[in-house]
Structures are given as structure tokens and as C-alpha cells.
Amino acid sequence: MTSETSSGSHCARSRMLRRRAQEEDSTVLIDVSPPEAEKRGSYGSTAHASEPGGQQAAACRAGSPAKPRIADFVLVWEEDLKLDRQQDSAARDRTDMHRTWRETFLDNLRAAGLCVDQQDVQDGNTTVHYALLSASWAVLCYYAEDLRLKLPLQELPNQASNWSAGLLAWLGIPNVLLEVVPDVPPEYYSCRFRVNKLPRFLGSDNQDTFFTSTKRHQILFEILAKTPYGHEKKNLLGIHQLLAEGVLSAAFPLHDGPFKTPPEGPQAPRLNQRQVLFQHWARWGKWNKYQPLDHVRRYFGEKVALYFAWLGFYTGWLLPAAVVGTLVFLVGCFLVFSDIPTQELCGSKDSFEMCPLCLDCPFWLLSSACALAQVREEAGRLFDHGGTVFFSLFMALWAVLLLEYWKRKSATLAYRWDCSDYEDTEERPRPQFAASAPMTAPNPITGEDEPYFPERSRARRMLAGSVVIVVMVAVVVMCLVSIILYRAIMAIVVSRSGNTLLAAWASRIASLTGSVVNLVFILILSKIYVSLAHVLTRWEMHRTQTKFEDAFTLKVFIFQFVNFYSSPVYIAFFKGRFVGYPGNYHTLFGVRNEECAAGGCLIELAQELLVIMVGKQVINNMQEVLIPKLKGWWQKFRLRSKKRKAGASAGASQGPWEDDYELVPCEGLFDEYLEMVLQFGFVTIFVAACPLAPLFALLNNWVEIRLDARKFVCEYRRPVAERAQDIGIWFHILAGLTHLAVISNAFLLAFSSDFLPRAYYRWTRAHDLRGFLNFTLARAPSSFAAAHNRTCRYRAFRDDDGHYSQTYWNLLAIRLAFVIVFEHVVFSVGRLLDLLVPDIPESVEIKVKREYYLAKQALAENEVLFGTNGTKDEQPEGSELPLDTLHGSQGQPAAAVTPGRTSGGP
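A few points on the structure. (Residues numbered from 1 in each chain as written. Predicted model: local features only at pLDDT ≥ 70, side-chain atom pairs only at ≥ 80, totals over all residues. Heavy atoms only, no water.)

1. Concerning the environment of Phe 686
Here is the rule: Numbering goes from the N terminus for both helices and strands, where a helix is a DSSP run of H or I of at least four residues and a strand is a run of E of at least two. Contacts are residue-level and defined by heavy atoms, with any inter-residue pair within 4.5 Å sufficient.
Considering the arrangement of structural elements, one finds Phe 686 in the loop between helix H23 (670–685) and helix H24 (693–715). Sequence-wise, Phe 686 and Tyr 565 are 121 residues apart; in three dimensions their C-alpha atoms are separated by 10.0 Å. Apart from the residues within four sequence positions on either side, Phe 686 is in contact with Tyr 565, Pro 568, Val 569, Leu 605, Leu 609, Gly 681, Ser 744, Asn 745 and Leu 748.

Okay, here's the thing in C-alpha cells:
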């Protein structure tokens, strides 16, 4: 391996390049620079910005050299020299165009004030180029103010708390979940950074540590996202587009160092932030410890920390649900041994001759499948008994309380992590939106001119996108219909095989193979739809990244919801409902509709749920373990094999940027959220059919937390720290699933379960359920019996002519009444809980009100202290007050400031 510095540091040339860029670049679509003397960079570009920070930046670096830092961000691209020589003219032109784009992009980065140090690594016929980016003190100060970053003013005592730790301490029980994690991030009062108030911020005397690594990454990524490399009207700007076009291979911030601890052991002062996270969070041995969310937030940013906070919160709440569900299941285990209908079935001998299951199938005796029927009936009784009603009610209220208390937890974290007002006042327009927006308009919150896209035009685009979504959902429904037909045909084929065992299991074989076919459809359609959703969401022109992600999430979730839940919904609410009766069977495209097995559809639904939910969890966990390792192994093998061909020694040292390039790129949190939200749907929507679902979810999530933590710490390249106010639209999706779960479980208990028919039989006929089996079987009409010269029985509440009996109508009225009462009780109690549990904890509300009050006091003092000739000083929007006015008369921190927190909870 040969490593050389090809361009060195270009900081000294930045002024000249900026001047040249200002003269040459006339392609700015929108220039929203304010008219003040303090010139700002455009929303759409940074390459043509004036001297970073103007006079303020100069004041920042006065008396201190603007020395470049160690690289914070790395751009990577590879050039295959052998391939270049073999390319045709069209491919060579494309390669030359990519090279021109890269050079323009790097020149514009230098013009924006970044230092670019290029390292070229020759690996045989391939050259790997690393552009190491860093920003001087002046650039950091300028963009920190321009991006409205909040920085600390005053350190506060750590206020992290955990309700379970407090409860165990009050009870005097040792808390095995608690662990002392070193290097706890302190908490601060913070406010928007202002260059002219620099001395009043904590740590401003040390330029090397004043901006944390995550703040520097945010600044550099903002510059990368807005820097053009061609004509901006053609959307040739930003790092995202360069990566999508293949101009660059990777772009990532550097990790703080290796995650493995030094040889002498985990000594706290010697551990970097990544090693602390590995030792106390990302190890499997820490499965029973609180998550160090403050450390996660400091290293990965608020968005990642909020995901792990929600995942831990949800997993903790699964514990009582799993305990109650397991108890309900055990009650069902005791009931199966004394079930009278099952005993009657096996003792019926030749009493019940059943009607054929298909057109050419023979008659059969119900007792001939005694062993199989007994298994089905007993399995059905595990899930179908009175305790299921209680558990369904419990889980409905559990889901409501979960969301209510998460709102409180989320509000507390947003306050402590200084992102309560992020989406409303601090989040800036997306660079792609800014470059493509046709006009500007004043922001109603900040009053600043910003890129604007007419709401009416966006509404028309979203309507057109909705039509595409409906078409894709229709495709999924068509696939479901084809699978239903496949199941019916497969059941007929297997029933005619002549094998008694296969004929008895015909419906199960058809259901299992149908699930495999359904899985193939799901995988194929998901790949197509996700790509389509990306295109539609970009076309809809959403202003901020949060709104963009919310719109994309909603599109994909609607599709995945139909994909994953269509089969369980069909089994729960449609299968066996429209069969007809002997002599008048209903068909679908000429094929007789499916019937439920002897044990009913509820046991089949439980089987389907366990296969889909547990199987999906196992497959996902295997993928999350194996795929990153295989990708990382292939990346290392590919790069290091080239080095060996180039003659480099195996033990040659390499830079940290090379180590990080060998890691797997972080693909975001969308798939992680989607997996957990789909699991939440399985746990709540169909819980009446499977009380063990919360237990399997709990076991999976214990593994999921540490598995995801290990991926982020050990196997992923470090993601750019992103801010977030909450978990976004996922919360509203969870709320929608909660309401759907109440209705779904009410209909499951009423129409799919035998709970109400058994209760009706107890009330009207026999309390011990003797004769219930005969009660559920109807006799074939006389016309059918005459045609076949024999009579038979089938499962239905019909009279001898095939019409619905009085019992059917009585049961239907009872079922509808049960649905109405169930959902009214649950929704009423849920509404009451919503009123009783405030969205924001009282302690947080008091702190916020206190800070607003002290801020008003500070402002009044400021007017007296700084007014001249009896007039008030004009305070520019976002400007901060001197520290002596940030305290009340008793010396309390006044926070003219938005309360910022940089430490997290357990």
C-alpha cells in the first residue's frame, strides 16, 4: 500500500476561491440572504457565501490562529485504473463527468471555508481516494450561528431519573438494573449561539473542545448537503445526489476511535465515548441494565437516542403484558383436559357423518379424525376461553396507557435534550427543497424569508401520489385473492390424494404453502413499492426533513400494513363466513370457498400469527446479525486483498478513515421502527387469538436492544447526529393501531371465537356443555340428501332447509351487542385515562414556566441596564442576554434561554 498527501490543506486559498466562486456562480435559484450587512449563506448553496461569519467570524478567531482540526468528515471514491482503459467512449465520458463534478464539489467546499486534505491509497489497479474534511474555528462559529445551534451557558446538576429505580429504592429492594456508567454528560442551560456573545458560553476559551464532535458533524454535513457541483436548477447539489449518482462511494463522520478497550482494562479516564458505549451498552452481558441514553444522545444525536428510548420504554411495558398473557394461556392449558365437546367428538363413533369437503370428495365421519380433531379442539381451547375476554380488555387499556405515558416520557426527554421546539422554530428547509422551490415567502414563526412551495400544488401532488398508493394496495389485494384461490385448489387436490392423513391435514397444508407464496409476493412488492415511495415523496416537495420522512413513512407503512396483515385479517374475519350449505355452496371464480377446520378459524389464526410474527422476528434477527457481518467482511476482504496485491504488508497500519470505510454504512432507523411497529400491531390487533404474543415480543426485544446497539457501536459507520423532537409520525401510527386493536379484538371475540356460542348454550340449554357439539352441527337439506341418498352434517346454525335458524339470529344480536359494549367500555376508559394522565409531567411544566418567568425578568432588567437616553436597545431575534441578567434576584438561572439538556436518563 502506498499512501500520499495529494493536495494538503487548502485553508490558505479559501478566500481567493470564495471570491472566484462569487464571480462565476450565477446559477443560484433562490437567494434569501438578508439585507443586513451581516451576509448569510443561501439556503440552496454555500459555495458562494461570503466570508464565513463576516466580521463576527473574524472576531472569533482574533488572537488565535485558525488551525485545522483532525478530520471530522470523510468523502471516499474509488477509481479502477484498469477499467478506465477498457471503457468505451460513452462510459469514459461519464467517468470524466463524475471527475469534473467531484473537483467542482471539492473546490466549492474549500470556497465555503472547509479544509480538504486528500489521501490517495494505491491498491493495485484501484486507487481509493479519501477527502478528509475539517473546519476552522471561524467556519464553525459562522455556521453554528447560521444553523441556530444551541450551546451551553451554565452547567446544572444532572437531573436524570427513572421511575423504576425510585420505586425500588422506596421499597428497599436492590436494583439490579442500575449501573454506574463513567463520564456522565453534564446538563446545561443553553441558548442559540451568537458570535458577539461568545465569551458568555461555557468553554469558549478552548477552541478545540468548544464544539463537540456531533456539533461539528452537523455543521459539516449541512455544508455538504447545500454545496452545488453543477447547475443548481438541475438539482446538481448536495452530498445525497453525489452518492446516488455513484460519484462518491461513501461519506461519513469519523468514529472517536476503536470500540475495543485498551489492553490494561476498562479504566474510565482512558476510555473514549465509543468504548464507554461498548462496555456499558452494546455488550450482550448488559441485557439486564438500563440504557445509558445520555451517552447515546451525546455520541449519536437525539434521533437515535429517541429510538432507543422508545424501544426500551416499549420493552419495559411488555413485561406486565407478557405476565398476564402467560397466565391466561396457562388457564387455557388446565381447561383443555376437561372440555366436554372434545370428549363428545371422540366418543361419537358413527353418529356424525359429515358432508363432502369438495365437489368430488367422499363423505366422512367426524370421529375418524378424532386424534387430529382432539389436537385442534384442545389447541383452540388454549386460546379460546373466558380469560381471553379479560386479556383483550387488559391489552386494549394497556396500549392506551402505553401511549399516554410515552407522551410524558417523550416530553421530558425533549425538554432535557433541548429539542422541544425543534420542528416549529429551529428546523431548516431541506437543501433539495430550497434548490427546487419556485419562490420565497416569510416564515410565520421566525419572520425570515425562506424557500416556499404553494400548498395547493403540494396538495395536488399528494393526491396524485395517493392514487398510486391505492393502485399498489389493489395489487396486494389481487395477490391475496390469488392466494385464497390457491389455498382452495390445493386443499381440493390434497383431499383427493386418497391418503387419509394427508386428506385430514389438507387445509393446513394449503394454508402453510399459501403462506410461503404470500411471503414471496410480500418481498417482491415491498422492493418495488419502497423505491416508488421515495420517488413520490421527493416529488411532493416537503419543506423539512421531518415532514419528508413522515410522508415517506406513512406511504410505506400503509403498504406494509396491507402486506403483512391481509392474510390474518382474511382468516379472522372472512374465511368460513361465506361458504353456503350443501347443495348451494358459494364459489369464487368457480372454486368453492374455504371452510374453517374442525377446531374453528381461531386456532388457525393463532398459528398464522405465531408463524408470521415469531418467524419474522427470527429471520430479522438473523439478518441483522449476519448481513452486517457479511457486508463488513466482504468490504474488508475486498480492500485488503487489493492491498496485498499492491505489495503492502499484512500488518501495515492504516488511518482511522480507512478503518471506518471498512464498516457497513448506516441505513437509518426506518426499518428498525417499522419492525417494532408491525410487532406492536401483532401484539395488540390479534391478541384475542394469541395471548402469548406479548411474551414472544418481550423476548425478541431484549435481544433487539443489544443487537441494534452493537450494530451502531461496532459494525456501522458513524451516522450524522440528527436532532428530533419525538419519534415523529410513528406515534400517530401507533395510536391508529391502538384504536384498530380495540375494534378488531371485539369482532374476534364476537364472531371468530366460540366464547359467545358456548355462553349462549350454557344460559339456554346445559351448563356443562353436554350436547354442544350436536348444537353446532346442522343437517343437510332434504334435496341434497335425496340426490346422494344419504344425509350428512355440517358446521352452521341453519334449519333443515338451509335457512338461518332462530339460534343464528339470537347469536348475531348477542354478538353485535357484545361488540358495541366492548368498544364503548374500552374507548370510554381510554378517554378517561387520557384526561387523567397529562401529556407533560407537572414537574416539567413548572420548570418551563419558571424559566419563562425568569426570562421575562431578565429582559426587563436588560432594558434598564442597556437602554440609552431612556430608550430600549433593539434586541435582534435570537440574541442572548449577558450572564449577569440571566439570574434573578436570588441568583437563579433565568434562561432567557431555551432550557437545554445534554444528559440522558437510564
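Picking up where we left off.
2. Some words on the packing of aromatic side chains
Formally: For Phe, Tyr and Trp, where Trp contributes only its six-membered ring, two rings pair if their centres lie within 6.5 Å, and the inter-plane angle classes them as stacked under 30 degrees, edge-to-face over 60, or tilted in between. Throughout this description, buried means an accessible area under 20% of the type-specific maximum (1.4 Å probe, protein chains only), exposed means over 50%, and partly exposed covers the range between. A ring is scored as having a charge over it whenever the NZ atom of a lysine or the CZ atom of an arginine sits within 6 Å of its centre and within 35 degrees of its normal.
According to the stated counting rule, one finds 45 aromatic pairs in the structure shown. Taking 5.3 Å as the distance between ring centres and 50° as the angle between the ring planes, the aromatic pair formed by Phe 193 and Phe 201 counts as tilted. We classify Phe 193 as buried; its relative accessible area is 1%. Above the ring of Tyr 299, the side-chain terminus of Arg 718 is found at 3.7 Å from the ring centroid. Over the face of the ring belonging to Tyr 804 we find Arg 798, whose NZ or CZ atom lies 4.2 Å from the ring centre.

3. What to know about the state of the cysteines
What counts is decided by this rule: Criterion for a disulfide: a pair of cysteine sulfur atoms within 2.5 Å.
Tallying each qualifying case throughout the model produces one disulfide. Cys 355 shares a disulfide with Cys 792; S-S distance 1.9 Å. Here Cys 355 and Cys 792 share a disulfide; its torsion about the S-S bond, 85°, makes the bridge right-handed. Of this pair, Cys 355 sits in the loop between strand S8 (353–354) and strand S9 (364–365) while Cys 792 sits in the loop between helix H28 (782–788) and strand S17 (793–795); the two residues are 437 residues apart in sequence, bridging distant segments of the chain. Residue Cys 792 is classed as buried on the basis of its relative accessible area, which comes to 1%.

4. Some thoughts on the pattern of salt bridges
Heads up, the condition is: Salt bridge criterion: a side-chain nitrogen from Lys or Arg within 4 Å of a carboxyl oxygen from Asp or Glu.
A full pass over the atoms with the stated rule returns 26 salt bridges. For the salt bridge of Asp 183 with Arg 298, the shortest nitrogen-to-oxygen distance reads 3.1 Å. Separated by 115 residues along the polypeptide, Asp 183 in the loop between helix H6 (163–171) and strand S6 (187–192) and Arg 298 in helix H10 (residues 293–300) bring together distant segments of the chain. Given a relative accessible area of 42%, Asp 183 falls into the partly exposed group. By relative accessible area, Arg 298 is classed as buried at 19%. A salt bridge links Arg 297 to Glu 302; the shortest N-O distance between them is 2.8 Å. It is possible to trace a salt-bridge network through shared partners that takes in Glu 79, Asp 96, Arg 99 and Arg 102.

5. A closer look at unusual backbone geometry
Note: most peptide bonds trans; most residues except glycine with negative phi. Of note, Leu 769 is a non-glycine position whose phi angle comes to about 65°, a positive value. For Asn 789, which is not a glycine, the phi torsion comes out positive at approximately 60°. Relative to the helices and strands, Asn 789 is located in the loop between H28 and S17.

6. Considerations on the pairing of S6
Inclusion rule: Paired strands are those between which DSSP finds at least two bridges.
Of all the six residues making up S6, six are buried; the element is thus mostly covered by neighbouring parts of the structure. Note: strand S5 (residues 150–156) against S6, six bridges, orientation antiparallel. Following the sheet pairing, Pro 152 is matched in S6 by Ser 190.

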